[in-house]
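Survey of secondary and tertiary structure
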Amino acid sequence: MKQGKLFVISGASGVGKSTVLQHVMAARKDLTFSVSATTRPPRPNEVDCVHYYFITKEAFQEMIAQDAFLEYDNHNANYYGTPIAQLEEKMRSGHVMLDIEPVGAKNVRQKRPDATLIFIMPPSMEELERRLRGRGDTSEEQIAIRLERAKWEMEQRYWYDHVVVNDVPETCAEAILKIIAQAANE
Ligand code: 5GP
């Protein structure tokens, strides 16, 4: 297969990205996830090398020094980055989706102008807060930080290629699948 397409998806923490993306991935067997590296500790149910590569700050900084990231950012008091080697490997056999925040998305746009950038909005700020609390694994302090960050992230949606609203995950996934099919010239 020829080189796959690169897709970037952003949306505030708690917007329901993972559920939407599960629907998208189930429908597109030719699409894989890029696994990011992070210095944040795993949440319950998160598996190393599947959800993230959970690494130390020292290891992350070593990778920065080796120019091993397509992009990286430091937010919510932790580093997050896209390891370039695994991304290129995955793109040799299909399309790849990056789940990253707007600072990283902007860096991807610069380095890979052909990437398709999609922003997921919550139906409202109130609903976002309700979903964040509903997770039950995030402290009050973290919820406050993430809501502040969410406001800033949502202001960034204007320079994305597409904006979709996650009211019903299946409907949101359908909208993303259409965008993917269009970008893949199907
Ligand atoms: P969480 O800690 O909830 O898993 O993710 C927090 C934020 O980090 C999310 O907005 C997510 O999209 C972003 N993120 C995850 N991986 C990366 C990455 O490799 N690079 C950047 N820039 N952001 C990332």
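Scroll up for the structure.
I will try to describe carefully the structure that is included in this document.

**A word on the side chain of Asn166**
With respect to the helices and strands, Asn166 occurs in the loop between strand S9 (162–165) and helix H7 (169–183). Side-chain polar atoms of Asn166 contact the backbone oxygen of Val15, separated by 2.8 Å.

**Some thoughts on the site of the ligand**
Neighbouring the ligand are 17 residues; Ser36, Arg40, Tyr52, Tyr80 and Glu101 lie closest to it. Here an oxygen atom of the ligand sits 2.7 Å away from a polar atom, N or O, in the side chain of Ser36. In this structure, Thr82 approaches the ligand through a main-chain N or O atom, which is 3.4 Å from an oxygen atom. When isolated, the ligand has an accessible area of 520 Å², and the protein chains bury 95% of it. One can see that the ligand is located within the largest pocket.

**Observations regarding the environment of Tyr52**
Here Tyr52 shows up in strand S4 (residues 52–54). Overall, the relative accessible area of 18% leaves Tyr52 in the buried class. Placed 38 residues apart in sequence, Tyr52 and Gly14 show a C-alpha to C-alpha distance of 17 Å.

**Description of the layout of surface pockets**
By volume, the largest pocket amounts to about 1200 Å³. Those elements giving two or more residues to the lining of the largest pocket turn out to be helix H1 (17–27), strand S5 (69–75), strand S7 (95–99) and helix H6 (140–155). A per-element tally of the lining of the largest pocket places H1 first, with six residues. Residues belonging to the lining of the largest pocket are distributed by class as follows: 13 nonpolar, 13 polar and 14 charged.

**What about the sheet that holds strand S1 (residues 6–10)?**
The strand order across the open sheet formed by five strands is S2-S7-S1-S8-S9, and the pairing between neighbours is parallel. Because the sheet does not close on itself, it has two edges, and the strands there are strand S2 (31–33) and S9. The average undirected angle you get between the axes of adjacent strands in this sheet is 25°. Contacting S1, S7 and strand S8 (116–121), helix H4 (residues 102–111) runs over the sheet at an angle of about 160° to S1. The sheet strands contacting H7 are S1, S2, S7, S8 and S9, and the helix crosses S9 at an angle near 160°.

The rules behind the values
- Residues numbered from 1 in each chain as written.
- Predicted model: local features only at pLDDT ≥ 70, side-chain atom pairs only at ≥ 80, totals over all residues.
- Heavy atoms only, no water.
- Helix = DSSP H or I, 4+ residues; strand = E, 2+ residues; numbered from the N terminus.
- Polar contact = N/O pair within 3.5 Å; in protein donor to acceptor, adjacent residues only side chain to side chain.
- Near = heavy atom within 4 Å.
- Areas by Shrake-Rupley, 256 points an atom, 1.4 Å probe, with all protein chains shown as cover.
- 1 Å grid on protein atoms, 1.4 Å probe; cavity = no way out; pocket = protein on both sides within 12 Å on 5 of 7 lines; lining within 4 Å.
- Sits in = over half its atoms within 2 Å of the grid points.
- Buried < 20%, exposed > 50% of the residue type's maximum accessible area, 1.4 Å probe, protein only.
- Points joined across faces, edges and corners; volume = space filled by probe spheres on them.
- Nonpolar A, V, L, I, M, F, W, Y, C, P; charged D, E, K, R; others polar.
- Pairing = 2+ DSSP bridges.
- Axes fitted to C-alpha atoms, helices over the stretch in contact; angles between N-to-C directions.
- Contact = heavy atoms within 4.5 Å.

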